[in-house]
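Fold and geometry: a report
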Amino acid sequence: MPNPRRMSRRAWALTWAVLCVAGLAATAWLQVAASAPEARPERPVKAECREYIAEIEGRIHVAKSNSKGEGAIVAFSRDRTDCAEELDDLLRGDR
């Protein structure tokens, strides 16, 4: 049975150094990629939806100030399917 070729200590050290540098570079890249949630482009909002969202925000503000930290806030209203995405963003806190 043939004897496998052994690597020298210098080759092992060089291999570990290359792997460490690659790991550090990948970690730095992932941290930069994870810290950029602001890269999401702003969508244009229709004037009608802006007024509707402002009305809902006002209702939520009044409900929060009147609740004194107790209970739940329920903010559902007219059927506005054309403003559904904007309303979802508001309620999720994406605004």
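Located above this text is the structure these notes cover.
Residues numbered from 1 in each chain as written. Predicted model: local features only at pLDDT ≥ 70, side-chain atom pairs only at ≥ 80, totals over all residues. Heavy atoms only, no water.

**Some details on the overall build of the protein chain**
To keep it simple, the criterion reads: Each helix is a run of DSSP H or I of at least 4 residues and each strand a run of E of at least 2, with the numbering of both proceeding from the N terminus. Each residue's exposure class comes from its accessible area (1.4 Å probe, protein chains only) as a fraction of the maximum for that residue type: buried when under 20%, exposed when over 50%, partly exposed otherwise. Note on contacts: a residue pair is in contact if any heavy atoms of the two residues lie within 4.5 Å. Every accessible area reported is derived by Shrake-Rupley at a probe size of 1.4 Å, with residue values counting cover from the shown protein chains alone.
Summing up its helical and strand segments, the protein chain has three helices and zero strands in all. When the helices and strands of the protein chain are listed from N to C terminus, the series reads α-α-α. For the protein chain, with 95 residues in total, the buried portion stands at 12%. Considering only intrachain contacts with a sequence separation of at least 6, the fraction spanning at least 24 residues in the protein chain is 71%. Taken as a whole, the protein chain presents about 8,600 Å² of accessible surface, with 59% of it coming from carbon and sulfur.

**Overview of the pattern of salt bridges**
Condition: For salt bridges, the criterion is a side-chain nitrogen of Lys or Arg within 4 Å of an Asp or Glu carboxyl oxygen.
Counted by the stated rule, this structure contains one salt bridge. Where Arg59 meets Glu55, a salt bridge forms, and the shortest distance between an N and an O atom there is 2.6 Å. Residue Arg59 and its partner Glu55 are both found in helix H2 (residues 47-67); the two are separated by four residues, about one turn of the helix. The exposure class assigned to Arg59 is partly exposed, which follows from its relative accessible area of 40%.

**Topic: the packing of H2 against helix H3 (residues 84-92)**
For any two helices packed against each other, the geometry is given by the interaxial angle and the distance between the axes. As a reminder, the rule being used: Between the N-to-C directions of two axes lies an angle of 0 to 180 degrees, each axis being a line fitted to C-alpha atoms and, for a helix, fitted only over the stretch in contact. Small angles under 35 degrees read as roughly parallel and large ones over 145 as roughly antiparallel, with 65 to 115 read as roughly perpendicular and the rest as oblique. For any pair of crossing helices, the crossing counts as left-handed if the nearer helix is rotated counterclockwise from the farther one by less than a right angle, and right-handed if it is rotated clockwise. When residues are grouped by polarity, Ala, Val, Leu, Ile, Met, Phe, Trp, Tyr, Cys and Pro land in nonpolar, Asp, Glu, Lys and Arg in charged, and all others, Gly among them, in polar.
Put simply, H2 and H3 touch, their axes get as near as 10 Å, and they point 30° apart. By the angle between their directions, the pair H2 and H3 is classed as roughly parallel. In the crossing of H2 with H3, the sense of the turn from one axis to the other is right-handed. Two secondary-structure elements touch here, H2 through Cys49, Tyr52, Ile53, Ile56, Glu57 and Ile60 and H3 through Glu86, Leu87, Leu90 and Leu91. Per-class residue counts for the contact of H2 with H3 are eight nonpolar, no polar and two charged.

**Topic: the nonpolar core**
Condition: The criterion is simple. A nonpolar core is a set of buried Ala, Val, Leu, Ile, Met, Phe, Trp, Tyr and Cys residues joined through side-chain atoms within 4.5 Å.
Cys49, Tyr52, Ile53, Ile56, Ile60, Cys83, Leu87 and Leu90 form the largest nonpolar core, which has eight residues in total. With five residues, the single largest contributor to this core is H2.

**What to know about H2**
To keep things clear, this is the line we draw: One less than the number of residues in a helix, times 1.5 Å, gives the span that helix is expected to have. As used here, the arc belongs to the directions running from the helix axis to the C-beta atoms.
Relative to the 30 Å expected for 21 residues at 1.5 Å per residue, H2 spans 30 Å between its end C-alpha atoms, a close match to the ideal helical length. If you check which residues of H2 are buried, you get Cys49, Tyr52, Ile53, Ile56 and Ile60. Projected onto a plane normal to the axis of H2, the buried residues spread over an arc of 100° and lie on a single side. Exposed positions of H2 whose direction lies more than 90 degrees from the buried face are Arg50, Glu51, His61 and Asn66. In the core, the buried residues of H2 are packed alongside H3.

**Quick notes on the environment of Leu90**
Within the secondary structure layout, Leu90 lies in helix H3. For Leu90, a relative accessible area of 14% gives the class buried. Residues Leu90 and Ala54, 36 residues apart in the sequence, show an inter-C-alpha distance of 10.0 Å.

Remember, this is a structural readout, not a statement about activity or role.
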